[in-house]
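# An overview of the molecular structure
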Amino acid sequence: MNNKSRVKQLIINILVIFFILFEEILWRKIAEPIFNEIKLLQITQRIKEKLEKVENEYLILILFFIPFIVMELFAYAAGLALINGYILLFVILYLLKGVAMLPMLFVFEIKKEVLLSFTVVAKPYKWLQWLLGSKIFRIGKIQIRRFKLKIRRKLKTMKETMDGTSSPILHKIAEKVNCLRNCILKG
């Protein structure tokens, strides 16, 4: 493997790790609590009642796939933005992906049995359930935890090293690193 390929692979690995961490942060810290709060709203309860009364399976499938398609378009656009270095656009598009995901999750939660009667939903769902329970996924989660722990240790060491330094620039860097650790890597 030449140097150019190694650098390219390193960049891809960093982007994948960043994406996984961002996904975990976005869902667990932001989207899931928002989703749980939205489910408690009165208007959501009315929508739930109406959705429970829908008998047409194909209408339910359409109500599921419209936000799914929108969500995937935002994800694709976010990926393109990240690859091209537009980090702020990536964050905005990824947050919009999360917003588009909420109605899809809501429909799935209410009409899960109906949706799983369609092969187009059931097969990916079964595959996802298998993947989440697989040894590969568990090992990946362990590796991510180890990676996060390693970063925390390095950040702590870096902060301790910089606490004895009088350089204002190094103190600002240490503050940013500490903010990153507190805002993103906790969990």
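Attention here is on the structure that accompanies the text. Residue positions are counted from 1 within each chain, in the order its sequence is given. Note on the predicted model: pLDDT of at least 70 is required for a residue's local features to be given, and 80 or more for side-chain atom pairs to be given and counted; whole-chain, interface and lining totals, by contrast, use all residues. The basis for every side-chain value is the complete set of heavy atoms in the structure, and neither hydrogens nor water enter the calculation.

### Notes on the layout of surface pockets
Defined as follows: Lining residues are those with an atom within 4 Å of a point, where the points come from a 1 Å grid over the protein atoms alone and group into cavities, where a 1.4 Å probe fits but cannot get out, or pockets, open sets with protein on both sides within 12 Å along at least five of seven lines. Grid points are joined across faces, edges and corners, and a volume is the space filled by probe spheres set on the points. Numbering of helices and strands runs from the N terminus, with a helix taken as a DSSP run of H or I at least four residues long and a strand as a DSSP run of E at least two residues long. Each residue gets one of three labels, nonpolar for Ala, Val, Leu, Ile, Met, Phe, Trp, Tyr, Cys and Pro, charged for Asp, Glu, Lys and Arg, and polar for the others, Gly among them.
One number sums up the size of the second largest pocket: a volume of about 220 Å³. Lining the second largest pocket are Phe35, Ile38, Ile43, Thr44, Ile47, Leu51, Leu102, Pro103, Phe106 and Val107. For the lining of the second largest pocket, the elements supplying multiple residues, two or more each, are α1 (3-40), α2 (42-53) and α4 (87-110). Tallied by class, the residues present in the lining of the second largest pocket amount to nine nonpolar, one polar and no charged.

### Focus: the packing of aromatic side chains
Selection rule: Only Phe, Tyr and Trp rings take part, Trp by its six-membered ring, and two of them pair if their centres are within 6.5 Å. Stacked means planes under 30 degrees apart, edge-to-face means over 60, and tilted covers everything else. Per-residue accessibility, obtained with a 1.4 Å probe over protein chains only, is compared with the maximum for each type, and a residue is labelled buried under 20%, exposed over 50%, and partly exposed between these values.
Tallied over the full model, the rule gives seven aromatic pairs. Ring plane angle 35 degrees and centroid distance 5.5 Å describe the contact between Phe90 and Tyr94, whose orientation is recorded as tilted. With Phe90 and Tyr94 both in helix α4 and four residues apart, the pair spans about one turn of that helix. Like Phe90, the residue Tyr94 is buried in the burial classification. Their ring planes at 45 degrees and their centres at 5.4 Å tell us that Phe108 and Tyr125 sit as a pair that is tilted. Taken together, the positions of Phe108 in helix α4 and Tyr125 in helix α6 (residues 119-133) put the pair 17 residues apart, joining distant regions of the chain. Relative accessible area serves as the criterion here: at 17%, Phe108 is assigned to the buried category. Among the aromatic residues, those joined into a ring-pair cluster are Phe64, Phe65, Phe68, Phe108 and Tyr125.

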